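Tertiary structure, described
Spelled out from the first residue to the last, the chains are:
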Amino acid sequence: MTPYAILEERARAVLPRPVFDYYAGGAGDEDTLAANARAWSAVRLRPRVLRDVSRVDTSTTVLGARIAAPVLVAPTAFHRLAHPSGELATAEGTAAAGSLLVLSTRSSTRIESVAAAAGPWWFQVYLLRDRGLTKEFVQRATAAGARALVLTGDTPYVGRKRRDRGSLAIPDEDFRANLERLTDVALAEQAANVTFDDIGWLHELSRLPVLVKGVLRGDDAARCLEAGAAGVVVSNHGGRQLDGAVATAEALPEVVEAIAGRGEVLVDGGVRSGRDVVRALALGARAVLLGRSVLWGLATEGAAGVQRVLTEVQEDTAHVMALAGASSVDEVTSDLVTLGAV
Ligand SMILES: Cc1cc2nc3c(=O)[nH]c(=O)nc-3n(C[C@H](O)[C@H](O)[C@H](O)COP(=O)(O)O)c2cc1C
Ligand SMILES: CC(C)CC(=O)C(=O)O
């Protein structure tokens, strides 16, 4: 079993079945969910020999924030379903690992409390049907110290997941952690009329850099930049939105080419090991984000589990870099990979 599979099994053993299914599942037939991990494996490494790798430095920056390795925590909803300390534990574990947390709009803990426990963090924005409410969220996140906004662009409606047959009830206190005063819950649903213009709106509102998450095409990436984005996150939402969508390792080169160094390109989906981190960097990503791995760490051991998952991937990244002949992230360049036989 791979380290990821072992971790997932441990989480399965401690989580209530509906929660595990909600976390693990993908949309439709889960084709894209499976394709994400497979597509990274299909990228073959071309190691360099006889390089001095007695010291390997995995540290880097994302939008100017220094992190221990190019591995961030992806925004995921409702961490209190995984652990009673919820996003507080995630924030602590992430900071302890020298990583960066992207906090979901669907946080089950108050934004201000998470901010107090966090190292550097960004806020993931779902534009909600009530724009006033969205504005309040963004202003609160900005005041609490978020260093960037991540606008999720792939969720006009929530993808249909077969495993999660509606058996999961989100406790009201978790759903309302940041929505205490809301009377009509429908107003807090994702808006389906989000457009490129909203990138500028978010930037005006917060003065923070805005990344767009869920981009899978070069033309969209270019439009995001033209609309004022600081970069994009290549993502298919971990296979949870449009099933059949292209795997992120396959979409990444096209997006990197379209961005052409004018912004930062991050990627997530099926990143499970240091090998995958190195593959993503070689294909032009600045960093990767981990979704489910972090949830499994949180479910099994709280803050310590989150820290452990991140440090294991960081250490694995250093090991893979050494064996590939790269002593710093700058040396992880496109010549290190080839698209091998699947
Ligand atoms: C349980 C779960 C909840 C998620 N919630 C959000 C969310 O609130 N906002 C968002 O932008 N993405 C969300 N995502 C997508 C992740 O940010 C990320 O794109 C994905 O999990 C990466 O794939 P991986 O799980 O294979 O690492 C969620 C993913 C999972 C598994
Ligand atoms: C509340 C959901 C929209 C959170 C999410 O993005 C997901 O479960 O994939």
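Residues numbered from 1 in each chain as written. Chains lettered and ligands numbered in written order. Predicted model: local features only at pLDDT ≥ 70, side-chain atom pairs only at ≥ 80, totals over all residues. Heavy atoms only, no water.

In the vicinity of ligand 1 lie 23 residues, with Pro75, Ser104, Thr152, Asp268 and Gly270 positioned nearest. One of the side-chain nitrogen or oxygen atoms of Ser235 is found 3.3 Å away from an oxygen atom of ligand 1. Gly270 is positioned with one of its backbone polar atoms (N or O) 2.9 Å from an oxygen atom of ligand 1. Considered on its own, ligand 1 offers 600 Å² of accessible surface; in the complex 99% of this is hidden by protein. For the shell around ligand 1, the elements supplying multiple residues, two or more each, are α2 (17-24) and α12 (292-324). Considering only residue class, the shell around ligand 1 consists of eight nonpolar, ten polar and five charged. (Near = heavy atom within 4 Å. Polar contact = N/O pair within 3.5 Å; in protein donor to acceptor, adjacent residues only side chain to side chain. Areas by Shrake-Rupley, 256 points an atom, 1.4 Å probe, with all protein chains shown as cover. Helix = DSSP H or I, 4+ residues; strand = E, 2+ residues; numbered from the N terminus. Nonpolar A, V, L, I, M, F, W, Y, C, P; charged D, E, K, R; others polar.)

Another point: the confidence of the model for the protein. On average, residues of the protein carry a pLDDT of 96, and 99% of them reach 70 or more. The ipTM for the predicted assembly is 0.99, set against a pTM of 0.97. (pLDDT = per-residue confidence, 0-100.)

With that settled, the discussion passes to the side chain of Gln314. Secondary-structure assignment places Gln314 in helix α12. Assessed through its relative accessible area of 11%, Gln314 is described here as buried. Apart from residues lying up to four places away in sequence, Gln314 is in contact with Thr58, Ala68, Ala69, Ala97 and Ser99. (Buried < 20%, exposed > 50% of the residue type's maximum accessible area, 1.4 Å probe, protein only. Contact = heavy atoms within 4.5 Å.)

Take α2 next. Among the eight residues of α2, six are classified as buried, and the element is accordingly described as predominantly covered. For α2, the set of buried residues is Val19, Phe20, Asp21, Tyr22, Tyr23 and Ala24. Against α1 (3-14), α3 (31-41) and α12 lie the buried residues of α2.

Turning our attention to the packing of helix α9 (residues 218-226) against helix α10 (residues 248-259). Across the interface, α9 lies against α10 with an axial gap of 8 Å and an inter-helix angle of 35°. The crossing of α9 and α10 is right-handed. In this structure, α9 uses Gly218, Ala221 and Leu225 to contact α10, whose residues at the interface are Glu254, Val255, Ala258 and Ile259. A breakdown of the residues in the contact of α9 with α10 according to their chemical character gives five nonpolar, one polar and one charged. (Axes fitted to C-alpha atoms, helices over the stretch in contact; angles between N-to-C directions. Left-handed = near helix turned anticlockwise from the far one by under 90°.)

Here the focus is the pattern of salt bridges. Think of it this way: side chains of opposite charge can pair up when their charged atoms draw near. As enumerated under the stated definition, the model contains 18 salt bridges in all. One salt bridge connects Arg129 with Glu189, and the closest N-O pair in it is separated by 3.0 Å. Placement of Arg129 in the loop between β6 (121-125) and α6 (131-144) and of Glu189 in the loop between α7 (172-175) and α8 (197-206) is noted, with a sequence separation of 60 residues between them. Of the residues examined, Arg129 reaches a relative accessible area of 48% and is grouped as partly exposed. According to the relative accessible area criterion, Glu189 is partly exposed, its value standing at 41%. Between Glu301 and Arg308 there is a salt bridge, with the nearest N and O atoms lying 2.7 Å from each other. A relative accessible area of 35% places Glu301 in the partly exposed class. (Salt bridge = Lys/Arg side-chain N within 4 Å of Asp/Glu carboxyl O.)

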